[in-house]
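Listed below, chain by chain, are the residues.
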Amino acid sequence: MAAWDSLITVQIFYTDQFVLPLPDGHRFPMEKYAMLRARVAAANLSGGEPLRVPERANDQEILLAHDAAYLQRVVSGTLAASEIRRIGFPWTAQMVERSRRSSGTTIETCRSALDEGVAVSLAGGTHHAFRDHGAGYCVFNDAAIAALVMQFEDRARRVLIVDCDVHQGDGTAAIFSDDPSVFTFSIHAGKNFPFRKGESDLDVALADSTGDELYLSLLEDGISHSFSASQPDLVIYLAGADPFEGDRLGRLSLSKRGLARRDQMLFSMCGDLGVPVAVVMAGGYAHHIEDTVDIHFNTVRAAASLRK
Ligand SMILES: [Zn+2]
């Protein structure tokens with residue numbers, strides 16, 4: 001429990017100033033990131049530490065998880081129209097910058113978590129990005145890149161990705177399908193996007209309208225199983241806000257209180273075993289954007305309150 005016994009800082013990283021331009025009426029709630037940072041700053045959740053802006057992920061880091069030809073098409077703006085449609089964002093240089101920054105944020109969050117015990121990114125969770133293509137608002141797979149960078153830098157050997165976004169982490173599952181050193185656990189709505197599911201090391205597919213109690217009991221079993229199967233040096237936690245009952249794309253029926261209990265459960269299980277945890281935000285598409293921001297804020301606050 002070394003890392004957690006001495007936990008005195010919880011670094012919080014952000015990247016919301018790198019905005020990718022979206023056409024009017026686009027349903028991705030890009031503004032949630034700046035709203036979240038404002039709330040985190042106002043509540044001084046970083047305990048006097050400045051919120052931090054990481055470097056962008058460089059080519060060498062991205063290529064640990066992605067195909068060189070795909071990276072080249074993204075960077076040079078030569079993605080096919082069908083590839084751009086699948087991602088769901090128009091191609092712009094700012095999109096490339098934002099995607100690099102978002103992955104850089106998760107890399108830095110993992111480094112800090114390994115040093116301190118817990119760290120938080122106010123971005124990240126782009127789990128529908130595959131080795132050679134993007135999808136579902138995801139260009140690069142930040143958790144996959146960061147896990148592989150931690151291994152490359154010899155900071156962690158075994159990594160567990162706990163994906164609580166309501167959509168299955170299909171890109172992450174595919175990237176690590178042949179890699180026993182990274183265990184992928186996804187708990188998601190079974191009938192939701194992506195309609196053709198990948199195969200994680202552990203998948204829990206939930207029925208529509210699953211509520212707090214059943215969700216939390218299946219999550220607890222899933223985390224226990226994942227820990228014993230993977231013996232991780234690091235957990236990357238995708239704390240999606242989209243299992244919320246008021247989410248437009250969710251299909252589940254978790255309350256804000258249930259989502260807060262979810263976060264507590266994950267943190268206390270990591271803390272009991274002394275495993276560092278890097279927290280990233282992932283999706284959230286509530287009818288009222290304030291609800292998404294509230295849920296993410298509660299996650300950050302729970303992480304920050306682990307400071308000794
Ligand atoms: Zn999602």
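Here the structure is shown first, and the text comes after it.
So, about the overall build of the protein. A tally of helices and strands in the protein yields 11 helices and seven strands. For the protein, whose C-alpha radius of gyration is 17 Å, the value lies close to the compact-globule estimate of 19 Å for 308 residues. Its C-alpha atoms give the protein principal-axis dimensions of about 50 × 40 × 40 Å. Long-range contacts, defined here as pairs at least 24 residues apart, represent 76% of the contacts in the protein between residues at least 6 apart. When the 29 basic and 40 acidic side-chain charges of the protein are each reduced to a single mean position, those positions are 3 Å apart.

Another aspect to go through is unusual backbone geometry. Along the chain, F193 connects to P194 via a cis peptide bond; the corresponding omega equals -5°. Assignment of secondary structure puts P194 in the loop between β4 (182-189) and β5 (202-206). Residue D154 is not a glycine yet carries a positive backbone phi of 65°. Along the chain, the position of D154 falls in the loop between α7 (142-152) and β3 (159-163). Its relative accessible area of 69% is what places D154 among the exposed residues. With a phi angle near 70°, S209 is a residue other than glycine that sits in the positive phi range. Counting through the fold element by element, S209 comes out in the loop between β5 and α9 (212-230).

So, on to the coordination of the zinc ion. Of the protein atoms, only D165 (OD), D165 (OD), H167 (ND1) and D242 (OD) coordinate the zinc ion, at distances of 1.9 to 2.6 Å. Considering all four donor atoms around the zinc ion, the spread of angles at the metal, 55 to 155°, places the coordination shape in the irregular class.

So, on to the sheet that holds strand β7 (residues 277-280). A sheet is described by the order of its strands in space; here seven strands give the open sequence β1-β2-β7-β6-β3-β4-β5, paired in parallel fashion. Strand pairing shows two members of the sheet lacking a second neighbour, β1 (11-13) and β5, which therefore form its edges. Averaged over all pairs of adjacent strands, the angle between their axes in this sheet comes to 15°, without regard to strand direction. Two elements, strand β6 (residues 234-238) and β7, share four bridges in a ladder whose sense is parallel. Its bridge partner lying in β7, L238 is registered against V280. Relative to the sheet, α7 contacts β3, β4, β6 and β7, its axis offset from that of β6 by approximately 170°.

A word on the pattern of salt bridges. Using the criterion set out here, one finds 15 salt bridges in the structure. Across the pair K256 and D291 runs a salt bridge, and its minimum N-O distance is 2.8 Å. Note that K256 is positioned in helix α10 (residues 256-273) and D291 in helix α11 (residues 289-304), a separation of 35 residues in sequence. For D291, a relative accessible area of 18% corresponds to the buried category. In this structure, R262 and D263 form a salt bridge, with 3.3 Å as the shortest nitrogen-oxygen distance. Each of E61, E108, R111, E153 and R155 takes part in salt bridges that share partners, so that together they form one network.

As a further point, take helix α6 (residues 93-116). Taking 1.5 Å as the rise per residue, α6 with 24 residues should run 34 Å; its terminal C-alpha atoms sit 34 Å apart, in good agreement. Summarising burial for α6: 19 of the 24 residues are buried, a large majority. Backbone geometry just downstream of α6 places G117 in the positive-phi region, at approximately 115°.

Basis of the calculations
- Residues numbered from 1 in each chain as written.
- Predicted model: local features only at pLDDT ≥ 70, side-chain atom pairs only at ≥ 80, totals over all residues.
- Heavy atoms only, no water.
- Helix = DSSP H or I, 4+ residues; strand = E, 2+ residues; numbered from the N terminus.
- Rg over C-alpha atoms; globule rule 2.2 N^0.38 Å.
- Contact = heavy atoms within 4.5 Å.
- Lys, Arg positive; Asp, Glu negative; His and termini not counted.
- Charge placed at Lys NZ, Arg CZ, Asp CG, Glu CD.
- Buried < 20%, exposed > 50% of the residue type's maximum accessible area, 1.4 Å probe, protein only.
- Donors = N, O, S within 2.8 Å, 3.2 Å for Na, K, Ca; no water.
- Tetrahedral: all angles 85-135°; square planar, octahedral: opposite > 155°, others 65-115°.
- Pairing = 2+ DSSP bridges.
- Axes fitted to C-alpha atoms, helices over the stretch in contact; angles between N-to-C directions.
- Salt bridge = Lys/Arg side-chain N within 4 Å of Asp/Glu carboxyl O.
- Expected span 1.5 Å × (residues − 1).

The analysis is restricted to geometry; functional conclusions fall outside its scope.
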